Amino acid sequence: MLPLRIGVVKAYDFVGTRVDIEFALLNDTDRLDAIRNVMVLIGGGDTPDAATFKQFVDVTPDARVPSLKNRLPVVVPARSGLWFCAELESPFDAGLGTGDRECSLVIVATSAHVVRRFSVTGNSILAEVLEDIQQTANELKGAASLAPTQSRPMRSW
């Protein structure tokens, strides 16, 4: 399991960090497993910002909508895998998009805690785009997301 895509969500009524992250969870055991929680740790060091689980969302051609079929806990059948898109949030602005950030996707499951490190890239141009998206969300009293971008695994040295 590795985060496949991550998107930054901006909303008029939310200050902090909100992300949509897409990932697959594979259960290669002979037992059912259940996802009990999902979080993303943003930033390196001893005290990264934690974006915690808000809801699963279904990805449609036009929008991401709250999932009616997936709620925590989610059962993953034996010898199978499931694809998810989870919305997570933190009351702190982690600065996603303003520069490169080390991150970790943490899945709390019945059988184990799974942690996968990845990095999200950003720069001043992306930061300005996110600022414009925030201004538009504020003006329209709505929410918008910068389309999820491909993440890349962290290199281990």
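Of note, Arg-18 is situated in strand 2 (residues 17–27). Judged by its relative accessible area of 10%, Arg-18 is buried. Of note is the side chain of Arg-18, whose polar atom sits 2.8 Å from the side chain of Glu-89. Once you skip the residues sitting within four places of it in the chain, Arg-18 turns out to touch Gly-7, Val-8, Val-9, Ala-11, Lys-54, Glu-87, Leu-88 and Glu-89.

As a further point, take empty space enclosed by the protein. Empty space among the atoms becomes visible once a probe the size of a water molecule is rolled across them. A full pass over the atoms with the stated rule returns one cavity of 30 Å³ or more. Volume-wise, the largest cavity comes out at about 40 Å³. Forming the boundary of the largest cavity are Val-8, Val-9, Lys-10, Gly-16, Thr-17, Arg-18, Asp-93, Gly-95 and Leu-96. Broken down by class, the residue content of the lining of the largest cavity amounts to three nonpolar, three polar and three charged.

Further remarks concern the environment of Leu-96. Tracing the chain through its elements places Leu-96 in the loop between strand 7 (80–90) and strand 8 (101–109). Once residues within four sequence positions are removed from consideration, Leu-96 is found in contact with Val-8, Thr-17, Val-19, Ile-42, Arg-101, Cys-103, Val-120 and Leu-130.

A word on helix 1 (residues 124–140). Since the α-helix turns once every 3.6 residues, residues separated by three or four places project in the same direction. Under the 1.5 Å per step criterion, the end-to-end length of helix 1 is 24 Å for 17 residues, consistent within 8% with the ideal 24 Å. Regarding helix 1, the residues found buried are Leu-130, Ile-133, Gln-134 and Ala-137. Around the axis of helix 1, the buried residues are gathered within 100° of arc, so they sit on the same side. Opposite the packed face of helix 1, turned more than 90 degrees from it, sit the exposed residues Ser-124, Ile-125, Glu-128, Glu-131 and Glu-139. N-capping of helix 1 is provided by Asn-123, with a side-chain oxygen placed 3.0 Å from the backbone N of Ile-125. Phi for Lys-141, located one or two positions after helix 1, is positive at around 50°.

A few words now on the pattern of salt bridges. Any two side chains of opposite charge can pair, so long as their charged atoms come close to each other. Summed over the entire model, instances satisfying the criterion amount to four salt bridges. One salt bridge connects Arg-18 with Glu-89, and the closest N-O pair in it is separated by 2.8 Å. A residue pair is termed long-range when its members are at least 10 positions apart, and Arg-18 in strand 2 and Glu-89 in strand 7 qualify at 71 residues.

Glancing now at the packing of aromatic side chains. Per the stated rule, a full pass over the model turns up three aromatic pairs. Each ring, one from Phe-56 and one from Phe-84, has its centre 5.1 Å from the other, and the planes form 35°; the classification is tilted. Here Phe-56, found in strand 4 (residues 49–59), pairs with Phe-84, found in strand 7; they are 28 residues apart in sequence, far enough to count as distant. Judged by relative accessible area, Phe-56 falls into the buried class, the value being 1%. By relative accessible area, which is 1% here, Phe-84 ends up buried. Its end group placed over the ring of Phe-14, Arg-18 keeps NZ or CZ at 4.2 Å from the ring centre.

The rules behind each value
- Residues numbered from 1 in each chain as written.
- Predicted model: local features only at pLDDT ≥ 70, side-chain atom pairs only at ≥ 80, totals over all residues.
- Heavy atoms only, no water.
- Helix = DSSP H or I, 4+ residues; strand = E, 2+ residues; numbered from the N terminus.
- Buried < 20%, exposed > 50% of the residue type's maximum accessible area, 1.4 Å probe, protein only.
- Polar contact = N/O pair within 3.5 Å; in protein donor to acceptor, adjacent residues only side chain to side chain.
- Contact = heavy atoms within 4.5 Å.
- 1 Å grid on protein atoms, 1.4 Å probe; cavity = no way out; pocket = protein on both sides within 12 Å on 5 of 7 lines; lining within 4 Å.
- Points joined across faces, edges and corners; volume = space filled by probe spheres on them.
- Nonpolar A, V, L, I, M, F, W, Y, C, P; charged D, E, K, R; others polar.
- Expected span 1.5 Å × (residues − 1).
- Arc of directions from axis to C-beta.
- Salt bridge = Lys/Arg side-chain N within 4 Å of Asp/Glu carboxyl O.
- Phe/Tyr/Trp six-rings, centres within 6.5 Å; stacked < 30°, edge-to-face > 60°.
- Lys NZ or Arg CZ within 6 Å of the ring centre and 35° of its normal.

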